[in-house]
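Tertiary structure, described
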Amino acid sequence: FAPFLVTIGVINIIYAALTSFAQRNLKRKIAYSSVSHMGFVLIGLGSLTDSGLSGVMLQMISHGLIGAGLFFLAGATYDRTRTLLLEDLGGLAVFMPKIFAMFSVVSFASLALPGMSGFISELMVF
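Keep in mind it's a predicted model, so treat the numbers as computed, not measured.

1. Section: the overall build of the chain
Along the backbone of the chain there are six helices and zero strands. If you list the helices and strands of the chain from N to C, you get α-α-α-α-α-α. Projected onto its principal axes, the C-alpha positions of the chain cover 50 × 25 × 20 Å. Scored against the burial criterion, the 126 residues of the chain give a buried share of 39%.

2. Some thoughts on unusual backbone geometry
Despite not being glycine, Leu 48 has its phi angle at roughly 55 degrees, a positive value. The exposed category is assigned to Leu 48, whose relative accessible area is 62%. Backbone geometry at Ala 112 places phi at a positive 70 degrees, although glycine is not the residue there. For Ala 112, a relative accessible area of 11% gives the class buried.

3. As for the environment of Gly 64
Position of Gly 64 among the secondary structure elements: in helix H3 (residues 50-81). Judged by relative accessible area, which is 39%, Gly 64 ranks as partly exposed. C-alpha of Gly 64 to C-alpha of Ser 34: the two residues are 30 residues apart in sequence and 9.2 Å apart in space.

Calculation criteria
- Every chain begins its residue count from 1, and numbering advances along the sequence as written.
- In keeping with the predicted nature of the model, local features appear solely for residues at pLDDT of at least 70, side-chain atom pairs appear and are counted solely at 80 or more, and the whole-chain, interface and lining totals rest on all residues.
- With hydrogens and water excluded, all non-hydrogen atoms of the structure serve as input to the side-chain values.
- Secondary structure elements are defined from DSSP: runs of H or I of at least 4 residues count as helices, runs of E of at least 2 residues count as strands, and each element is numbered from the N terminus.
- Accessible area is worked out with a 1.4 Å probe on protein chains only. A residue is then buried under 20% of its type maximum, exposed over 50%, and partly exposed in between.

This is the structure:
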């Protein structure tokens, strides 16, 4: 059963990431990215190791916080700009520098940049 979970997890990561690339709406892009990150949970569950299961727990906690931050900032951006289309959000740093800075930090955490919780949890899964 474990190889099946790992296979489904890898397919989930690739398919949801490619679907996320195709989105023009900011919230949809964040949502598909979230689905992609849950593939790491499936891989960790399929590993059946202490490190993998600890990584799954940390991944779920960190992803919950990171996802909530991204959706909050997308909502704050929508309140100011009245659009979520990425092509209309150009020059956001000029009009909303603090929101842009927070969006950058949370996006880097979602990207699993080394030193952030997403990196540690995804490293523990493998």
